[in-house]
Structure formats: structure tokens, C-alpha cells
Amino acid sequence: MHIVDRNPVGANHFDYLARCDGPGPTVVTPLLASVIAAPIPVPATDGKVHLAYELQLTNVLNQELTLTSVDVRAADQNLLNLAGDRLAYWTRVLGNPVATTKLSPAQSAAVWLDVALDPGATVPTDLVHAIGVSLAQPQPPLFPATMTETVAPVAVQTRKPAVIAPPLVGPNWVDANSCCDMTPHRMALNPLNGQLWAAERFAIDYVQLRPDLRLLSGDKSKPESYPGFGADIHAVADGTVVGVLDGLPEQVPGQDPTGLPLEQYAGNHIVQDLGDGNYALYAHLKTGSIKVKVGDRLSLGQVIALLGNTGNSDGPHLHFHVMSTSDPLRSNGLPFVLSSFTLDGRIASIDAEDAIEAGQPAPMQPGFTPRDESAVSPLVLDVMSYADR
């Protein structure tokens, strides 16, 4: 049976479709759709509960198609609508960093979804996705010029995010790269062992600003010019060390490392089993600073290493994330919340990164009132202070 070519569809095709069992009427769809990992609700510093996950789409037609909309629905409620430029912003063909809504024949794409529920809203138990498609060469009645396919049902996970302490102490720690915007961490889908893994879905790159809100002072090619370099890194919870790599050299800040084997991407690092299927990764640690070994039982707050610039790193920072396995890359990123911290402010725009890296003060959102937070997840651009231990 070939229902996606240009040949007329005979009665035998409809007989076959009619015999297929399923939960609803059988229809042909130009897109295959699946969720990479079922979402887990997590409260964040904007007061909302976020369901952050990814939808993978594959065009099975022999013609280009255009995505016109993606809606996330729960029962009779529309929780998220993406269309036009907004849909393009959240969509990439796999292997191509350019925003798009067009899929060529046999191409696959990912749509990054962030369903942000207002305070007090009920968290849905199940989601489904209504995907609008436009065809340049319609083939009615199976493929009209425009159509909407309702696909990829997924149950929202009931597990709770891990509650952990911050891995650092002191002021002016920036969440420079994390959920839920289209950051490099959020967009990282790793093709490993024949499967896509979103290990960095909630990963944070921690960089520290000076009191004048600058990222560095002095020669930008020297790690010592950055205030966070060499900072103590603390265990975020009790738990056993299940992975350690040390001995990799510091990279030169301002340069993108090349030629790294897969196992060196996290640089010198520690993996800790937090329990309940949660594993913590502390990555890019300073050469020779790791104070623990596999099998050690860590205590909350224990100093385990120093912040460095090793592995796939272009400047001193701590990469931290919680994941579903002990493999830093072949895992799914899991949400987590910090037990307590002070939210001092937010950087005004994600577009300010180049200016900050050039040594200019970070532009802050005006009128922001610092506040204490507890049991919420930081969002990208948050600037935080963490209490001494």
C-alpha cells in the first residue's frame, strides 16, 4: 500500500484502513508525531508551573509541507498555541539550527514546547497535539490543501521534581543557559544509540558576575579573569558518587573547543545518585580539584570540587543538571527545584549575551524587587544569591 504517492488510491486501500483497529477513526496523516519524553510539571520563578518537552515530527509525503499551527490541548482546553513566526521560533529541522515551519520530503523536525500554567491552574493529566498543515500539492480526499491532525497523546507524569540545595554559594550567580527559552541547552537533542535524548532540557550554566555586574576583569583569555573560576562546588543533596572524570586541561576562555571525544564533552565531572531515579551532573570542573571518588557517600553541602573550564566550555562556569540515568548525555533531563535562594533580579534580554561577554555590565530588568524563593526552579536570565553553608 502506498498512500503517500501520486498514484490514485484504490478501494483496496480503504478496505485496509477500515480493518485497522484503534482508539478512534483511522485517518491518514502527512506527519508522524511523537513526544520525546512525557512532561513533568515544575514550578518556576515566574510563578507559573511549566511543562517543558519536545514534539518530534516527520514528513512522510513526497512534497514539502508547511506547519501552520501547533496547539497543545487538554480535554476541551487549549493550553498553548503556536503559529506563524512564533511557531517558527520554536521549530528546527533536525541537524539545522535555522528557525523554520517547512519540512521537505522525509525530513524530521522538533518543536520545543513550554506549556506555562498560571498560578492556581489545574495541571492536566493528559495532553494531545493539534497540528495544522498546508500542502502545495494537495491530493484529496486523503490530503486536502490544509488539514489538522490531532496526534501524539501523552500522559503528564505524576512524579515530583527533585528538591535540592544550590550547588554554589555567594551573590550574582546567573542562570545563563537553561529552560525554558530556546537556549543551547534546551535545544540540545543528542542522537545516541539510535535515539534522541534531551539530557540538557533543564540544565543550568552558572556564571558569576562581579559586583559591577561585569562577567570579567582583565584578559578574557585567562580563566582567572572570571570571578566564578575556582569557586567551591557543593553537593546538592545526600547521595552516592557513581561517576567521576578528572585530569582534563582547562580550555582557553573565548574559544570553542574542537576535536573532543564524546566522553570529554562534560569535561572533568561528577555524577551523583540523588535517589528516586534522579542523577546530578556537575560538569566542567577545575583540573585536579575533584575531592571525591566513585562509591563515596556525599553529604548535603559538602565541597566536592572547584568551578573550572574543562571539556566543551568556552568560559569558566558550572554546568549542572538532573537526569534520568547516570550517563551525562544518554539520558533525559529532569526538572528540579531549589530549596531556598534569593532572586536578586533578571537580565533584561537573552540578546545581551554578546555585550556581557565583551565585558559590558549586564543590563537588568528595571523595577525588579529582590525576593526570597523556595521550592521553585530558576529560569534562564535569573540572577541569584545563595546562602553560605
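As a starting point, this report considers the structure included with it.

Cut-offs and rules
- Residues numbered from 1 in each chain as written.
- Predicted model: local features only at pLDDT ≥ 70, side-chain atom pairs only at ≥ 80, totals over all residues.
- Heavy atoms only, no water.
- Helix = DSSP H or I, 4+ residues; strand = E, 2+ residues; numbered from the N terminus.
- Rg over C-alpha atoms; globule rule 2.2 N^0.38 Å.
- Buried < 20%, exposed > 50% of the residue type's maximum accessible area, 1.4 Å probe, protein only.
- Contact = heavy atoms within 4.5 Å.
- Areas by Shrake-Rupley, 256 points an atom, 1.4 Å probe, with all protein chains shown as cover.
- Lys, Arg positive; Asp, Glu negative; His and termini not counted.
- Charge placed at Lys NZ, Arg CZ, Asp CG, Glu CD.
- Core = buried A, V, L, I, M, F, W, Y, C linked by side-chain atoms within 4.5 Å.
- Pairing = 2+ DSSP bridges.
- Disulfide = S-S within 2.5 Å.

### Here's the deal with the overall build of the chain
Scanning the chain from N- to C-terminus turns up four helices and 27 strands. A compact globule built from 389 residues would reach a C-alpha radius of gyration of about 21 Å, and the chain, at 23 Å, matches this within 12%. Expressed along its principal axes, the backbone C-alpha trace of the chain runs to roughly 70 × 45 × 40 Å. Each of the 389 residues in the chain was classed as buried or not, and the buried ones make up 52%. Here the analysis covers contacts within the chain between residues at least 6 apart in sequence; of these, 72% occur between residues at least 24 apart. Total accessible area on the chain is roughly 17200 Å²; 51% of this is exposed by carbon and sulfur atoms. Taking the average place of the 23 positive charges on the side chains of the chain and the average place of its 40 negative ones, the gap between the two points comes to 1 Å.

### What to know about the nonpolar core
Counting residues in hydrophobic clusters, the biggest one holds 44 residues, and the most contacted among them are Tyr-206, Ile-270, Tyr-282, Ile-304, Leu-318 and Phe-320. Those residues in contact with Phe-320, other than ones at most four positions away along the chain, are Ile-164, Pro-167, Ala-203, Ile-204, Tyr-206, Val-236, Ala-280, Leu-281, Tyr-282 and Phe-336. Ile-36, Ile-131, Leu-135 and Met-182 belong to the second-largest nonpolar core, a separate cluster that totals 43 residues.

### Looking at the pairing of strand S3 (residues 49-59)
A large share of S3 lies buried, amounting to nine of its eleven residues. In this structure, strand S1 (residues 31-35) lies alongside S3, joined through five bridges in antiparallel fashion. The partner of Ser-34 across the bridge, within S3, is Gln-56. For strand S2 (residues 42-43) and S3, the ladder comprises two bridges, and the chain directions are antiparallel. For Pro-43, the partnering residue across the bridge sits in S3 and is Val-49. As consecutive antiparallel partners, S2 and S3 are separated by five residues, and within that stretch Gly-47 has a phi angle of approximately 85°, a positive value.

### Considerations on the environment of Ala-352
The residue Ala-352 is located in the loop between strand S25 (341-346) and helix H4 (353-357) in this model. Along the primary structure Ala-352 and Leu-381 are separated by 29 residues, whereas in three dimensions their C-alpha atoms are 10.0 Å apart. Filtering out sequence-adjacent residues up to four positions away, Ala-352 remains in contact with Ile-347 and Pro-363.

### Digging into unusual backbone geometry
In terms of backbone geometry, most residues other than glycine have negative phi values and most peptide bonds are trans. Looking along the chain, the bond that leaves Pro-140 and enters Pro-141 is cis, with omega of 5°. Within the secondary structure, Pro-141 is located in the loop between strand S9 (126-135) and strand S10 (146-155). With an omega of 10°, the peptide bond between Cys-179 and Cys-180 qualifies as cis. Topologically, Cys-180 is positioned in the loop between strand S12 (170-175) and helix H3 (184-187). With phi around 85°, Leu-381 is a residue other than glycine that occupies positive phi space. Within the element layout of this structure, Leu-381 appears in the loop between strand S26 (371-373) and strand S27 (382-386). On the basis of relative accessible area, Leu-381 is assigned to the buried category, the value being 15%.

### Quick notes on the state of the cysteines
On inspection of all chains with the given rule, the structure shows one disulfide. Shown here is the disulfide that connects Cys-179 with Cys-180, its sulfur atoms set 1.9 Å apart. The sign of the S-S torsion, about 85°, decides the handedness of the disulfide formed by Cys-179 and Cys-180: right-handed. The burial state of Cys-179 is the same as that of Cys-180; both residues are buried.

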